[in-house]
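Below are the chains, spelled out letter by letter.
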Amino acid sequence: MQPVIRAEGLSLTAARGPVYGPLNIDVDAPLNVLYGPAGSGRTSLLLTLAGRMKAENGGLEVLGHTLPGNAREVQKRTAIAGFADIDGLEPGVTVGQAVRERLAWLAPWWSFLGKPTDRQVARVCAPVFGEAEVPAASTVIWNLGEAEHFLLRLSLAMLSGPGILFVDDIEQVHSADARRLVWERLAAVAASGTTVIVGAASLEPGLWEGLNPQPSALLLVQEAI
C-alpha cells in the first residue's frame, strides 16, 4: 500500500537557521504522533505536510499529489485543527455561530444558512464527540470546558470530510483526563477512515492505553524524547 504521505529529504530554513529537516517520512498508519518540543519546527512541518506551507528542499507527496505544485488539491483533501492563530474560536461567540460560520465557508455562495439548532449542532459534532455530551447551540465558547472546546475545533475541521486531519499542540488541553478524552476521539476519527497526525511535545503512552488504533510515533527531533 502506498503511504498517504511520503517525504524525502524535506527541509526548511529561515533567516535564523534550520526550521526542520532534512527529514524522510512515510505515513501509512491511521493514527500518528509527530513529536517535538516548542521551537522544533513541528508546527511548520505539519503545515507543510498539509499543503499550507512550502518546504525549501526535498520531495513531498500527500494523498497522491506532489507538493508544492498541487497544494490546492492537498488543501481541499486535508484539514487542520489546534493551530494557534489559524483555527482558534472567538471566545465571545456561541457554538451555533461557530458552526454556522464554518458551514457558510464550505457551502456554495448562493446557499442560505439559518441559525443552527441544537439538533443541527449535535449532528455536526456527533462524529467527533461520540458519546461525549455536545454543547447546546446557545453555549458561549468561553463557557466550554477544555475538552469540549478542542473537540469542537476538531468537529469544525472534520466538516470538510478530509482524508487527513492534522492536529497541533495537543498539550494545549492541559488536564490529563481531558486530553485522554481527546485522544479517544482522535482514535475514533482514525478508525472511521481519516488519517490523523497529531503534533505533541512528548509521548504519553499512559494516555494511549486501550486506544484502537494505537498511535504510531514519528520522530521530529531527538530532544523530543
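Here, every reference points to the structure presented above.
Residues numbered from 1 in each chain as written. Predicted model: local features only at pLDDT ≥ 70, side-chain atom pairs only at ≥ 80, totals over all residues. Heavy atoms only, no water.

Q: I would appreciate a short explanation of the sheet that holds strand S5 (residues 65-67) in the present structure.
A: Strand pairs in the sheet, formed through backbone hydrogen bonds, run parallel or antiparallel to each other. With respect to topology, 4 strands assemble into an open sheet ordered S2-S1-S4-S5, the strand pairing being antiparallel. The sheet is open, and its two edges are formed by strand S2 (17-27) and S5, each paired on a single side. The mean angle between the axes of side-by-side strands here comes to 25°, regardless of whether they run parallel or antiparallel. Here 3 bridges tie strand S4 (residues 57-62) to S5, and the two strands are oriented antiparallel to one another. Bridging from a neighbouring strand, Leu60 pairs with Leu67 of S5. (Pairing = 2+ DSSP bridges. Helix = DSSP H or I, 4+ residues; strand = E, 2+ residues; numbered from the N terminus. Axes fitted to C-alpha atoms, helices over the stretch in contact; angles between N-to-C directions.)

Q: Teacher, can you tell me more about the side chain of Glu171 here?
A: Inspection of the secondary structure assignment puts Glu171 in the loop between strand S7 (164-167) and helix H6 (176-191). One buried charged residue, Glu171, remains without a salt bridge, the closest side chain of opposite sign being Arg42 at 4.8 Å. A distance of 3.0 Å separates a polar atom in the side chain of Glu171 from the backbone nitrogen of Ala201. Aside from chain neighbours lying at most four places away, what touches Glu171 is Arg179, Gly199, Ala200, Ala201 and Ser202. (Buried < 20%, exposed > 50% of the residue type's maximum accessible area, 1.4 Å probe, protein only. Lys, Arg positive; Asp, Glu negative; His and termini not counted. Salt bridge = Lys/Arg side-chain N within 4 Å of Asp/Glu carboxyl O. Polar contact = N/O pair within 3.5 Å; in protein donor to acceptor, adjacent residues only side chain to side chain. Contact = heavy atoms within 4.5 Å.)

Q: Sorry, what's going on with the side chain of Thr78 here?
A: Within the fold, Thr78 resides in strand S6 (residues 78-81). In terms of polar contacts, Thr78 uses its side chain to reach the backbone carbonyl oxygen of Ala50, at 3.3 Å. A distance of 2.8 Å separates the side chain of Thr78 from the backbone oxygen of Val74, its partner in a polar contact.

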